[in-house]
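Observations on the model geometry
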Amino acid sequence: MQTSKTNKYLITAVLLGIIFHGTSMFFTIEKTYDALIHLFFANHYATSWFEPWSYSWYTGFTVMGYPPLVHQTIGVLSLIGGLKFGMFTVALIGVVLFITGVYRFTKVLIPNEKVAGYAAIMAVFSSCFVETLHIFGQLPSVIGISILMHALPEIYKWLKTSKKIYLFKSLGLLAITVTSHHVTPIFGMVFFIFPLIGTVLMDAAREKVDNNNEVTIFAFAKALWTHLKRIILFGACSLVLIIGCILPYWINTKNNPITQVPIPHGSRDSFIEVTSSGLVFFIIPWGILLLLLPYFFYRYYSKRLLFFGISFSILFVLGTGGTTPIPLMVLGENAFNILTLDRFTLWASIMALPAFGEFCYRFTDGDYKELLQKKWGAVIHRASGGFLAVTFIFIAVFTMTLGKFRPSQPDPIKMQPIVNFLNEDDHDKWRYLPLGFGDQMAWLSAQTKATTVDGNYHSARRLPELTSRAVERLENSKYRGIEGLGSLQQFLTVPEKFHLKYVFSNDKFYDPLLYFTGWHRLSLLENGITVWERSGIAPLPSILPKDDVPLFQKLMWGIIPFSTVIIAILLYLGSMWFNSYKDNKEKQRIYFTIKPASRLVLKLLYGISLLWLGVMLFFIVYMVYGFYLKKSVQMSPESVVTAYYDALDFKEFERAHSYIDPSSEKEISQFMLEISVTDGLLSSYAKMDSISVNVIDQTKSTATGVASISWITPLKEIKTRDTLSIKKEKGKWYIVPKNVDPDIPPDQLMFESGTRFFNHGKRKITSEQTFHEDVLKQPVVEVVNATLVQRDTTFYIVGSIQNVDNIPADIAVTGAIYNKFNKEIARYNAQDIVKHKLLAKETTPFLIEFNSSNDPDRPFEMPENFEIQVKANVATTDLYQAVAPSQIHVNNSELTGFLFNPSIEAATIPQLLISYYNESKEMIWTDAVYVDESVRPQRKRPFSIHLPEMEQPLIISSSLLNVSINGLPNKSIAAKVNPNRNKAGTNEFLIPVTGLPYSYISISTNAYIGNPR
């Protein structure tokens, strides 16, 4: 009596997978791109199982935009050991399911126990799986493709035998796939199930003939006709499952189609032009499998596996992204811009695993072993096998630890201080915005009931301010340059529209933008996060709007996914119970044997493989040589200049110092000291976007280089042009350091006195709502003048505001324009062309822009009137106003002068508000200019500004009738506070200009302090 034996290779693979992935996932998964997003969704189900609407992100969105099974599973497990326990448990289940899935999938394609066992072991260290789990954190994708591979043998058996138990089991597993990840069954039907049907028909046709040569198109068509009913029945049932199991998802997709601007993704890049994308989305997923591509195509284009060969080829090409035009042609522009094409590479590399397992088996135990040992000898054969094994495991380990070499996320943030802040004093009654959090923002959202305008699942976005820009998240908007910062500015400038009161900044890059748009620093939390606040923001209403769905959709969404798992388990348990009492001697007939190919085919395959191996080795050597050249940056003047600025950009000052001429005897301490005293917008808040180096006057040992650099800052784009002297010593090029500014203040110790302000906040310990703090008297401010002007097709409100009170004011200026029917055309706030913090009696100009880009769908309308609303609240912080202009000169269109800082605070980013006046001394325009370098205490900074030769804007209306201050008419406030106003000296600070369309200008200063004392 023959006893059944368990495959020892499979057991080994599962144990290796649990050890290898189970121990490492605790250090990697939390730092992946998507894992914490799934954790956030899981928290939603754990707290609101049948409620699909979430207010946490995007001012509200529906979770029906993503199949729920994996999230619900994590949510259920979180009730036992917490959310992270649920996430790690599901990840470990995914590891086991993937390994066993590859095993069962291999037995369908190559029905050999040893080959399947080898493939399972290879699956453990597959770099595509390692990257998907440990770098991307795509748990639903892992679960979905793993369950689909488990379903393929059942589908094969149903189509071959027509036994209903196999149909039920295949549909049960397919239902789990559908409720885990919607994209996998849709594309899996095309790339996995359709080729499987072709393989079934090949096997059925083979059974009717004597040998493979007799399997013709006619025999194949006859087999298709015989099995057509089974195929149609399975296809119909599959379609019902794909639609029915996640019917609410399809209804939501129809009602809320994705109409947003496509977000760039590295998988769509040309891998030749963007080598980093090629590494992440092509080289790493394929790994060592690239060396064996000729064998994979040879095996999959055999007659029985022909359809898998076609599928494998299509997946391989689609995975090349924008490297070739084929993916765009096949998918169409819409699908190409929405889908992330790395999934095709994942599926192609998974499809290669069965053939890879067969190759390993033949290389170690089969016919290739004997053949290669005859050609190479036993030693070389074993050495090459060891090299392949070590390389395969090394790539897996390298992929797993890639985040250590190139971190994709900021350092871990302790969320508890932020959660405590949101819980105290009803701070969760307002929305917040995290900046510089990376994907950890999802973990913060999972721990608090406070809501944010941002989010981490861009397909669910509804706000036009987000969908109209190619920006995935506001928190990392700086990586999208000017476009990303423009999207962020819309929220920071009009926070009252979104009830946005708090910003948690983990990246000082955004701090200047926050300050100049009217925010102020509130506190520094113990985890290093800076809290910024905007005054005068109303709390969220007690009842928020939501898109409700019928009850049957909520019940389907909450019941069906888990039911698919229960049904599948019962089907398998029932099948095991039935088979244990059945003496089943029936053996499935599959006409497949691993046999050596003909000598001609084998010789051709061997030659092509060697040629391909040579090409790949040349490519690897070329990459290593390119990497060497990149590291050997001192081989030419251009490379050393580029490397020097690159090191400064990433604040790698020791590396930058290594490029300084050693004969200059400038020690690292002196170099660091010189850098530490340089501050400002360019030095501290700029990110290099591009650099171009032009070398002139080069000799054998000296050269002069001109570096043209484009910098992205939170406030503007800066273009610099630096000239550097370069010299060559001992075969290496070095940069000759420049002289340091010798400006030294006259006094070593300075004294400064002044008035400071302190707001007690809540003086009574009570949990009752007092609008966040005890109500203070609002400062009285006055709009001195206001004019509606037009330039091209854009309209502006320009004017000036004075704080006529005796306490500092924090102001927000809102403007609205109306047509001749008094219908509102647009409404917006003054952004950074205004001083948001005004000392007593201080005046500021302001400019409000009404750009059509704020609402691109609105047709052009001509305004005839306007309205201004000013909100003023007590200001106690960021009241630094010491920097003043001096020695002002106007020569034609050049405005030059100095900024002097008489205080003890460094003005990190000085701002000049330049107002323009006509002959009647009426303000017609205001603009903001930022000085790139800081003004240190007791020092001066020269500036030079090119005055624009702009035409005078068209004045549409000039009136103060529709101006209100804190809800009260501006005119009555002005008359009450200053009944006997003396206008003498009003135009005292106007600077006359000649030869320009305007007659006078005035200068107001503002400054941001990066690190206040």
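Everything that follows concerns the structure shown earlier in this document.
An account of the accompanying structure is given in this report. (Residues numbered from 1 in each chain as written. Predicted model: local features only at pLDDT ≥ 70, side-chain atom pairs only at ≥ 80, totals over all residues. Heavy atoms only, no water.)

A word on empty space enclosed by the protein
The condition is simple: Put plainly, a pocket is an open set of points on a 1 Å grid over the protein atoms alone with protein on both sides within 12 Å along at least five of seven lines, a cavity is a set where a 1.4 Å probe fits but cannot get out, and a lining residue has an atom within 4 Å of a point. Grid points are joined across faces, edges and corners, and a volume is the space filled by probe spheres set on the points. Secondary structure is summarised from DSSP: a helix means a run of H or I of at least four residues, a strand means a run of E of at least two, and numbering begins at the N terminus for each. The residue classification treats Ala, Val, Leu, Ile, Met, Phe, Trp, Tyr, Cys and Pro as nonpolar and Asp, Glu, Lys and Arg as charged. All others, Gly included, are polar.
With the rule as written, the count across this model stands at four cavities of 30 Å³ or more. Its volume calculated, the largest cavity comes out at about 50 Å³. Lining the largest cavity we find Cys 128, Glu 131, Thr 132, Phe 136, Gln 138, Pro 285, Asp 342, Thr 345 and Leu 346. Among the secondary structure elements, those contributing two or more residues to the lining of the largest cavity are helix H6 (127-134) and helix H16 (342-364). Residue composition of the lining of the largest cavity, grouped by class: four nonpolar, three polar and two charged.

Some points on the pattern of salt bridges
Here is the rule: Take a side-chain nitrogen of Lys or Arg and a carboxyl oxygen of Asp or Glu: if they are within 4 Å of each other, that pair is a salt bridge. We call a residue buried when its accessible area falls under 20% of the maximum for its residue type, exposed when it is over 50%, and partly exposed in between, using a 1.4 Å probe and counting protein chains only.
Per the counting criterion, the structure on display carries 33 salt bridges. Notably, a salt bridge pairs Glu 113 with Lys 107, separated by 2.9 Å at the nearest N-O pair. Lys 107 sits in the partly exposed class, given a relative accessible area of 31%.

Digging into the nonpolar core
Just so we agree on the cut-off: Think of a nonpolar core as a cluster: buried Ala, Val, Leu, Ile, Met, Phe, Trp, Tyr and Cys residues, connected wherever their side-chain atoms sit within 4.5 Å. In what follows, residue pairs with any heavy atoms lying within 4.5 Å of each other are defined as contacts.
One finds Trp 286, Phe 296, Phe 344, Phe 356 and Ile 418 to be the most contacted residues of the largest nonpolar core, which totals 227 residues. Counting residues per element, this core draws most heavily on H16, which supplies 14 residues. Once residues lying within four places of it in the same chain are set aside, the contact partners of Phe 356 are Met 122, Ile 288, Leu 289, Leu 292, Phe 296 and Phe 392. The next biggest cluster of nonpolar side chains, apart from the first, holds 33 residues, and it includes Val 931, Val 935, Leu 990 and Ala 1007.

Quick notes on the side chain of Ser 487
Along the chain, Ser 487 turns up in helix H23 (residues 481-493). Look at Ser 487 and you get buried, because its relative accessible area is 0%. Excluding anything up to four places from it in sequence, Ser 487 contacts Glu 465, Leu 466, Arg 469, Val 471 and Leu 474.

Concerning the sheet that holds strand E23 (residues 954-958)
Condition: At least two bridges found by DSSP between two strands are what make those strands a pair. Every axis in this analysis is a line fitted to C-alpha atoms, fitted for helices over the stretch in contact. Angles between the N-to-C directions lie between 0 and 180 degrees.
Pairing in this open sheet of four strands is antiparallel, and the strands run E16-E12-E11-E23 from one edge to the other. Taken across any chain shown, the strands that pair with only one partner, and hence form the sheet edges, are strand E16 (843-850) and E23. Strand-to-strand twist in this sheet, taken as the mean axis angle between neighbours without regard to direction, amounts to 25°. Where strand E12 (residues 794-803) and E16 come together, eight bridges link them in antiparallel fashion. The residue bridging Val 798 from the neighbouring strand is Leu 847, located in E16.

In short, shape yes, function no, at least from these values alone.
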